[in-house]
Amino acid sequence: MLSYRATPVIPISDDPLSAAGITLHVKREDLNHPHVSGNKWWKLKYNLEAAKQQGHTTVLTFGGAYSNHLYATAAAAHALDLRSIGVVRGERTAPLNTTLAFAQAAGMHLHYVSREAYRQKTDEDFHKTLHGQFGDFYTIPEGGTNTLALKGTREFATTFPTEPFDYICLPVGTGGTMAGIIQGAVYGEVIGFSALKGSFLTDEVKVLLDHDAPMRPWHINDQYHMGGYAKTNDVLTTFIKNFQSKHNIPLDFVYTGKMMWGIYDLVQQGCFARGSRILAIHTGGLQGNGDMLAQ
Ligand SMILES: *Cc1c(COP(=O)(O)O)cnc(C)c1O
């Protein structure tokens, strides 16, 4: 089992919130593990358990050069004495960025493939080639979202405070964490903040949901991606810097910073009724800041 540290729920006191009559708390899931942080811990938990139970000694997964998922998988596999292989999109660049340097130091074998080949990551032929090269392994998909990841993210929702909130907010990449929370939470409307440009994530979350099981009301806001995945600008940078200095909570530029910026913007637009209680999920990903700031 991966080690897990119970995480605090922190009340945020801030003028824009009190002016709008809003209560905001942050679930600091970024603190759950030093390297397998945030939602990635929950997405990997049952996958790595299954890999071990099925007798695999190696896990293989996919990601871009800045993937939090690759970083977390490398660390988790290392902690559980599993070998790991990361299929990385694109050419090797020297020196390695913080994410890949960490993954490699944690023992992950980095296997670079062209963008064209990477697009075939779910094709059977591509997997046959990988098995030919690397032998037996347990496959975790890009971004880590599969049935066992959803089992983990549903369980994550059971760790939320018992005192109810009206809204549960979280950033969304593949939707695996959001789908689990929609079905695991026992109160509130779930609002996802898309880290990607476009509105396709609503359909992707719908596919992940078990439509025979209970679920919370939910929607995805796609207005706060700031130009697209991992794109940033001065407004976001300043917001993250101010939020950290005021509340002593670091946010990342790809996911949690954009979510929090979105929450504040919606609060200031009066989108939440006075008296609303919001629980924001800090999904981790802070290691990526090293690379974002270096770019
Ligand atoms: C990976 C990641 C997400 C996206 O999670 P999904 O389950 O793919 O939607 C959100 N926040 C952080 C910090 C992440 O690293």
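Our subject is the structure that appears above.
Here's what I pulled together on the structure shown here. Note that the structure is predicted; figures quoted are calculated from it, not measured.

Criteria and thresholds
- Residues numbered from 1 in each chain as written.
- Predicted model: local features only at pLDDT ≥ 70, side-chain atom pairs only at ≥ 80, totals over all residues.
- Heavy atoms only, no water.
- Helix = DSSP H or I, 4+ residues; strand = E, 2+ residues; numbered from the N terminus.
- Pairing = 2+ DSSP bridges.
- Salt bridge = Lys/Arg side-chain N within 4 Å of Asp/Glu carboxyl O.
- Buried < 20%, exposed > 50% of the residue type's maximum accessible area, 1.4 Å probe, protein only.
- Expected span 1.5 Å × (residues − 1).

1. What about the environment of Asp125?
Here comes step 1: Examined against the element boundaries, Asp125 turns out to sit in helix 6 (residues 124-134).
Here comes step 2: Taking the C-alpha atoms as reference points, Asp125 and Ala75, separated by 50 residues in sequence, lie 28 Å from one another.

2. Digging into the sheet that holds strand 5 (residues 108-113)
Here comes step 1: Read across the sheet, 4 strands follow the order 5-4-3-6 without closing on themselves; strand pairing throughout is parallel. Every interior strand has two partners, whereas the edge strands, strand 5 and strand 6 (138-139), have only one.
Here comes step 2: As paired elements, strand 4 (residues 83-89) and strand 5 share 6 bridges and run parallel to each other. Along strand 5, the bridge assignment pairs Ser84 with Met108.

3. Quick look at the pattern of salt bridges
Here comes step 1: In total, this model carries 8 salt bridges according to the counting rule given.
Here comes step 2: Here Asp30 and Arg28 are joined by a salt bridge, their closest N and O atoms 2.8 Å apart.
Here comes step 3: Among the ionic pairs, Asp203 bridges to Lys206, the shortest N-O distance being 4.0 Å. A residue pair is termed a helical-turn pair when its members lie 3 or 4 positions apart in one helix, as Asp203 and Lys206 do in helix 9 (residues 201-208) at 3 residues.
Here comes step 4: Given a relative accessible area of 41%, Lys206 falls into the partly exposed group.
Here comes step 5: Each of Arg89, Lys121 and Glu142 takes part in a single network of salt bridges with overlapping partners.

4. What to know about helix 11 (residues 256-268)
Here comes step 1: For helix 11, built from 13 residues, the straight-helix expectation of 18 Å at 1.5 Å per residue is met to within 8% by its first-to-last C-alpha distance of 18 Å.
Here comes step 2: Across the 13 residues that make up helix 11, a large majority, 10, are buried.
Here comes step 3: Those residues of helix 11 lying buried are Thr256, Gly257, Lys258, Met259, Met260, Gly262, Ile263, Tyr264, Leu266 and Val267.
Here comes step 4: Count one or two residues on from helix 11 and you reach Gly270, which has phi positive near 75 degrees.

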